[in-house]
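Observations on the three-dimensional arrangement
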Amino acid sequence: MRVLVVEDFEVLARSIGTGLRREGMAVDVVLDGTDAVDRLAVNRYDVVVLDRDLPGVGGDDICRRLAGDRSGTRVLMLTAADTIEDRVEGLGLGADDYLPKPFAFAELVARVRALARRATPPLPPTLSCGDVTLDPARRAAFRAGRRLELSPKEFALLECLLASAGLVLPAEELLARVWDEAADPFTSAVKHTVHRLRAKLGDPPVIETIREGGYRIGPA
């Protein structure tokens, strides 16, 4: 999934970004509302973690815009405004969830994942193709019953391929979904990650390279 973190306290913003990346998410971080609007204009995000009190464009205005656009992007307000009235107001603006500060990071991750499931078409609890299975909730992947030791990027790439149900995914789309804005669009990160993933999956190969830089997964 791809997440935008909008938080003006830089230490907290960077910490959230780092933590969510460790959970296998592609995360962009901005420190004011104006930058957030610019990013939302060019990128599609599953979830926006949004502070209300922001320099530039306010968090409430950003929330209203996303709700009005009906883009499917889910909004988690993360703010120090924690009274019942604040929560009611935030949800009334169009936020999908509301988490007051201070917060437990594990709860933030769980709420982001829950919102991301609502932002995309529903998938079965376990994704599979042939003898390859992946359980997103447990963050576990197996081949023929053997657990695979995957990096966050390898896991996210395999999840995207399995969720595509055999469709060809261009490298550019995988780069956008698994990495973030820091990734060079001309990088070979997708190619190298697919190579490592194939090695860990073992034989017979199940990931096919398609001409023009696409990939798909199919039964061996």
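Going by what an unreviewed UniProt entry lists, the protein chain is known as DNA-binding response OmpR family regulator and is assigned to Sphaerisporangium krabiense.

Here we look at the overall build of the protein chain
On a plain count of helices and strands, the protein chain comes out with 8 helices and 12 strands. By principal-axis analysis of the C-alpha atoms, the protein chain measures approximately 55 × 35 × 30 Å. The buried share of the protein chain, reckoned over its 220 residues, is 45%. Carbon and sulfur atoms form 54% of the exposed surface of the protein chain, whose accessible area is close to 11,100 Å². In the protein chain, which carries 30 positive and 34 negative side-chain charges, the distance between the mean positions of the two groups comes to 7 Å.

Structural notes on helix α3 (residues 59-69)
If you check which residues of α3 are buried, you get Gly59, Asp60, Ile62, Cys63 and Leu66. All buried residues of α3 project into a common sector of 160° when viewed along the axis, lining one side. What points out from α3, more than 90 degrees from its buried face, is the exposed set Gly68 and Asp69. Against α2 (33-42), β3 (47-50) and β4 (74-79) lie the buried residues of α3. Arg70 occupies a position one or two residues after α3 and carries a positive phi of about 55°.

Let's talk about the environment of Val57
Within the secondary structure, Val57 is located in the loop between β3 and α3. Accessibility expressed as a relative area gives 18% for Val57, which makes it buried. Each C-alpha atom, one on Val57 and one on Asp35, is 8.6 Å from the other, the two residues being 22 residues apart in sequence.

With respect to the side chain of Glu7
Along the polypeptide, Glu7 turns up in the loop between β1 (2-6) and α1 (10-22). Separated by 2.7 Å, the side chains of Glu7 and Lys101 make a polar contact. Not counting residues up to four positions away in its chain, the partners in contact with Glu7 are Leu12, Ala13, Val30, Leu31, Asp51, Leu54, Leu78 and Lys101.

Here we look at the nonpolar core
Across soluble globular proteins, nonpolar side chains have a tendency to be buried as a group. Ranked by internal contacts, the top residues of the largest apolar core, which has 28 residues, are Leu158, Leu162, Val190, Ile207, Tyr215 and Ile217. For this core, the elements supplying multiple residues, two or more each, are β6 (127-129), β7 (132-135), α6 (152-163), α7 (171-178), α8 (189-201) and β12 (214-217). It is α6 that provides the largest number of residues to this core, a total of 6 residues. Apart from residues no more than four positions distant in its own chain, Leu158 is found in contact with Val132, Leu134, Ala141, Leu150, Leu197 and Ile217. Membership of the second largest hydrophobic core comes to 19 residues, among which are Val3, Met25, Val27 and Leu99.

Some words on the sheet that holds β4
One open sheet holds the 5 strands; their spatial order is β2-β1-β3-β4-β5, and the pairing between them is parallel. Two strands in the sheet have a free side with no partner beyond their single neighbour: β2 (26-30) and β5 (97-100). The sheet shows a mean angle of 20° between the axes of neighbouring strands, direction not considered. One ladder, built from 5 bridges, connects β1 with β2; its direction is parallel. Of the residues in β2, the one forming a bridge with Val3 is Val27. Along the sheet face, α1 touches β1, β2 and β4 and points at about 175° away from the line of β2.

A look at the pairing of β2
With respect to burial, β2 is a largely interior element, 5 of its 5 residues being buried. A two-sided burial pattern is seen for β2, the buried positions comprising Ala26, Asp28 and Val30 on one face and Val27 and Val29 on the other. Crossover connection from β1 via α1 to parallel β2: handedness right-handed.

Things to note about the environment of Arg177
In this structure, Arg177 sits in helix α7. Accessibility expressed as a relative area gives 22% for Arg177, which makes it partly exposed. Along the sequence, Arg177 and Asp38 sit 139 residues apart, while their C-alpha atoms lie 18 Å from each other. When sequence neighbours within four positions are dropped, the list of residues in contact with Arg177 reads Met1, Arg2, Ala26, Arg44, Asp46 and Cys160.

Conventions we followed
- Positions within a chain are numbered from 1, following the residues in the order the chain's sequence is written.
- Only residues with pLDDT of at least 70 get local features here, since the model is predicted, and only at 80 or more are side-chain atom pairs given and counted; chain-wide, interface and lining totals rely on the full set of residues.
- Values shown for side chains rest on all heavy atoms present in the structure; no hydrogens or waters enter the calculation.
- Numbered from the N terminus, helices here are DSSP runs of H or I no shorter than four residues, and strands are runs of E no shorter than two.
- Residue burial is assigned from relative accessible area. The probe radius is 1.4 Å, only protein chains are included, and a residue is buried under 20% of its type maximum, exposed over 50%, and partly exposed in between.
- The method behind every accessible area is Shrake-Rupley, applied with a 1.4 Å probe, and residues are considered shielded solely by the protein chains displayed.
- Within this scheme the basic residues Lys and Arg register as positive and the acidic residues Asp and Glu register as negative, but His and the chain ends are omitted.
- Taken as the charge centre is NZ of Lys, CZ of Arg, CG of Asp or CD of Glu, depending on the residue.
- The arc in question is the one spanned by the directions pointing from the helix axis to the C-beta atoms.
- Throughout, a residue-residue contact means that at least one pair of heavy atoms, one from each residue, lies within 4.5 Å.
- Within 3.5 Å is the distance limit for a polar contact, defined as a pair of N or O atoms, with the added protein rule that one can donate a hydrogen and the other accept it, and that residues adjacent in sequence qualify only through two side-chain atoms.
- Buried residues of nine kinds, namely Ala, Val, Leu, Ile, Met, Phe, Trp, Tyr and Cys, make up a nonpolar core once their side-chain atoms join them within 4.5 Å.
- Only when DSSP finds a minimum of two bridges between them are two strands counted as paired.
- In this analysis, axes come from line fits to C-alpha atoms, helices being fitted only over the stretch in contact, and the angle between any two N-to-C directions falls in the range 0 to 180 degrees.
- Whether a crossover is right-handed depends on one test, that the path from the first strand over the helix to the second runs clockwise when the strands point away from the viewer.

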